[in-house]
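# Fold and contact review
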Amino acid sequence: LVAENTSLAEGAAELERSLAALREEVERTKESGAAELERSLAGLREESEGAVRDAEEARGQLEEARQKLDEAEAGRAELETTKQGLQELRAESLAKIEQIEGLAAQIEKLEEAAKVEKTKLEEFQTWSEQAQTFISELQTENASLKESNTGDESRV
């Protein structure tokens, strides 16, 4: 019994040593696992903070892109307005060109009519000068006839 008791005591002591070794192993594993978890957690926090910074930067870039898109849209609208204004101006210009061409045709007709009238005026002036010359000749002849008639009356 004593031998069995000694053997049991030795088994119990061995179990105690094994249990103590296991406890130490568990404690070391727990500490190293906790340290590893702390390191992993720190790494994850850094990655998370980096991801948050990246997300914030992406939001900022997205907002800038939206602003640029809004500016581009406003610019497009302004260009459309300018385009419409230019189209209206072009239409007005074409209408004015047509008016000017019509006026140019009228001016040509008036110039032709003026040439005809000038020719008529020149012909009238020539005729008028001939008539004046004829009238002068008639007046001279009339005066001559009056003198001659006066002379005939005095002889009678």
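To be clear, the structure that these remarks concern was listed above.
Residues numbered from 1 in each chain as written. Predicted model: local features only at pLDDT ≥ 70, side-chain atom pairs only at ≥ 80, totals over all residues. Heavy atoms only, no water.

### Focus on the overall build of the protein chain
Selection rule: Secondary structure elements follow DSSP: runs of H or I no shorter than four residues count as helices, runs of E no shorter than two count as strands, and numbering proceeds from the N terminus. Our radius of gyration looks at C-alpha atoms and nothing else; its globule reference is 2.2 Å times the residue count to the power 0.38. Between buried and exposed lies partly exposed: a residue is buried under 20% and exposed over 50% of the maximum accessible area for its type, with that area taken using a 1.4 Å probe on protein chains only. Here the accessible surface of atoms and residues is derived via Shrake-Rupley with a 1.4 Å probe, and residues count as covered only by protein chains that are part of the display. Under the convention used here, Asp and Glu are negative, Lys and Arg are positive, and both His and the chain ends fall outside the count. Where a charge sits is defined by one atom per residue type, namely NZ (Lys), CZ (Arg), CG (Asp) or CD (Glu).
For the protein chain, the count of helices and strands is 1 helix and 0 strands. For the protein chain, whose C-alpha radius of gyration is 64 Å, the value lies well above the compact-globule estimate of 15 Å for 156 residues. With respect to the principal axes defined by its C-alpha atoms, the protein chain has extents near 220 × 20 × 15 Å. Counting the 156 residues in the protein chain, one finds 1% classified as buried. Here the protein chain has roughly 14200 Å² of accessible surface; of this, 56% comes from carbon and sulfur atoms. Charge centroids of the protein chain, computed over 20 positive and 39 negative side chains, lie 1 Å from each other.

### Concerning the pattern of salt bridges
Opposite charge on two side chains allows them to pair when their charged atoms are near. Worth spelling out the cut-off: Salt bridge criterion: a side-chain nitrogen from Lys or Arg within 4 Å of a carboxyl oxygen from Asp or Glu.
The final tally for this structure, using the stated rule, is 7 salt bridges. When the shortest N-O distance is used, the salt bridge between E117 and K120 registers 3.7 Å. Here the residue E117 and the residue K120 both occupy positions in helix 1 (residues 2-155), the gap between them amounting to 3 residues, near one helical turn. We classify E117 as partly exposed; its relative accessible area is 46%. K120 sits in the partly exposed class, given a relative accessible area of 45%. Linked through salt bridges whose partners overlap, the residues forming this network are E24, E25 and R28.

### Digging into a nonpolar patch on the surface
How we decide: Two distance rules govern patches: like charges are joined within 9 Å, and nonpolar side chains (Val, Leu, Ile, Met, Phe, Trp, Tyr) within 5 Å, applied only to residues with over 30% relative accessible area and no salt bridge.
On the surface, L121, F124 and W127 cluster together to form a nonpolar patch covering roughly 360 Å² of accessible area. Mapped onto the secondary structure, L121 falls in helix 1. Judged by its relative accessible area of 45%, L121 is partly exposed.

### Structural notes on a negative patch on the surface
On the surface, a cluster of negative charge is contributed by E63, E64, D70 and E71. Tracing the sequence through the fold places E64 in helix 1. Of the residues examined, E64 reaches a relative accessible area of 46% and is grouped as partly exposed.

### Thoughts on the environment of E47
You can see E47 is positioned in helix 1. On the basis of relative accessible area, E47 is assigned to the exposed category, the value being 58%.

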